[in-house]
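# Structural features, examined
Here are the chains, one letter per residue:
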Amino acid sequence: MAEANPRLVPLAPPTATLRELIAVAGRLVGVMKRETTALRSVSVAALPGLVAEKATLTESFAKLTRGFRNDPETLAAVTDALRGELEETFAACEEAARENERALVAAREANEKVLRAVVAAAEALRPRAQAYGRTGMPPAPVKPTDRRMAPVAVDRRL
């Protein structure tokens, strides 16, 4: 009797794998919505965890979708109800991704504005290169509000 090739046997039934894909996509939508909310409310403490979770879920989602791309028979055998659920899930995922991208772009632009303002303020405070004075040292900086004293001579004779 011939033995079955273990590489040809699927690890899980196709509907279970499709359910897994739907579950991963749903979790990914939730993470992207939480990240979008955190970006808009400037809750930076939550962002590192959300970014890490989003990266993991995105990788899982891509891996699952690649598996189905290589297995068109499974997709052809999907019921109408499951196909509708997949379409709804993908549409929600795309919408969440668009919103997330808009929030990320806005946050990056805001960060760049703040960074430019900090750089401009630091440049304004930075001393400018000046020539050396008679002593060989650079002259002391003159503040615009400093007033110069006029020389005065006092006669101490009585």
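Quick summary incoming for the structure in this document. (Residues numbered from 1 in each chain as written. Predicted model: local features only at pLDDT ≥ 70, side-chain atom pairs only at ≥ 80, totals over all residues. Heavy atoms only, no water.)

## Notes on the overall build of the protein
A tally of helices and strands in the protein yields four helices and zero strands. The proportion of buried residues among the 158 residues of the protein is 20%. Look at the contacts in the protein between residues 6 or more apart in sequence, and 70% of them connect residues 24 or more apart. On the protein, roughly 13000 Å² of surface is accessible, and the fraction owed to carbon and sulfur atoms is 61%. (Helix = DSSP H or I, 4+ residues; strand = E, 2+ residues; numbered from the N terminus. Buried < 20%, exposed > 50% of the residue type's maximum accessible area, 1.4 Å probe, protein only. Contact = heavy atoms within 4.5 Å. Areas by Shrake-Rupley, 256 points an atom, 1.4 Å probe, with all protein chains shown as cover.)

## Observations concerning the pattern of salt bridges
Counted according to the given criterion, the structure contains eight salt bridges. Arg34 is the partner of Glu53 in a salt bridge, and the nearest nitrogen-oxygen pair spans 3.2 Å. With Glu53 in helix α2 (residues 47-69) and Arg34 in helix α1 (residues 14-40), the pair connects residues that are 19 residues apart, well separated along the chain. Look at Arg34 and you get partly exposed, because its relative accessible area is 44%. For Glu99, the salt bridge goes to Arg102, with nearest N and O atoms at 2.2 Å. Taken together, the positions of Glu99 and Arg102, both in helix α4 (residues 80-125) and three residues apart, correspond to about one turn of that helix. The exposure class assigned to Arg102 is partly exposed, which follows from its relative accessible area of 44%. Taken together, the shared-partner salt bridges connect Arg40, Glu95, Arg98, Glu99 and Arg102 into one network. (Salt bridge = Lys/Arg side-chain N within 4 Å of Asp/Glu carboxyl O.)

## Description of unusual backbone geometry
Although it is not a glycine, Val42 sits at a positive phi angle of roughly 55 degrees. Mapped onto the elements of the fold, Val42 is located in the loop between α1 and α2.

## Brief notes about α2
The terminal C-alpha atoms of α2, which comprises 23 residues, lie 32 Å apart, in line with the 33 Å expected from a rise of 1.5 Å per residue. Among the residues making up α2, those that are buried are Leu47, Leu50, Lys54, Leu57, Phe61, Leu64, Thr65 and Phe68. (Expected span 1.5 Å × (residues − 1).)

## Re the packing of aromatic side chains
Using the criterion set out here, one finds one aromatic pair in the structure. Ring plane angle 85 degrees and centroid distance 5.8 Å describe the contact between Phe61 and Phe90, whose orientation is recorded as edge-to-face. Placement of Phe61 in helix α2 and of Phe90 in helix α4 is noted, with a sequence separation of 29 residues between them. On the basis of relative accessibility, which here comes to 17%, the residue Phe61 falls in the buried class. According to the relative accessible area criterion, Phe90 is partly exposed, its value standing at 30%. (Phe/Tyr/Trp six-rings, centres within 6.5 Å; stacked < 30°, edge-to-face > 60°.)

## With respect to the nonpolar core
In terms of nonpolar packing, the biggest core is built from 24 residues, with Leu18, Leu21, Leu28 and Phe61 touching the most fellow members. At the level of elements, α1, α2 and α4 are the ones that each hand at least two residues to this core. Beyond its immediate sequence surroundings of up to four residues, Leu28 is in contact with Lys54, Leu57, Thr58, Phe61 and Cys93. (Core = buried A, V, L, I, M, F, W, Y, C linked by side-chain atoms within 4.5 Å.)

## Considering the environment of Glu35
Note that Glu35 resides in helix α1. According to the relative accessible area criterion, Glu35 is buried, its value standing at 2%. Here the alpha-carbon distance between Glu35 and Leu47, two residues twelve residues apart in the chain, equals 6.5 Å. Aside from chain neighbours lying at most four places away, what touches Glu35 is Leu47, Leu50, Val51, Lys54, Asn100 and Leu104.

## Regarding the side chain of Lys54
Along the chain, Lys54 turns up in helix α2. Overall, the relative accessible area of 15% leaves Lys54 in the buried class. Looking at Lys54, its side chain comes within polar contact range of the side chain of Glu35, at 2.7 Å. Look past the residues within four positions of Lys54 in its chain and what remains in contact with it is Leu28, Val31, Met32, Glu35, Asn100 and Leu104. (Polar contact = N/O pair within 3.5 Å; in protein donor to acceptor, adjacent residues only side chain to side chain.)

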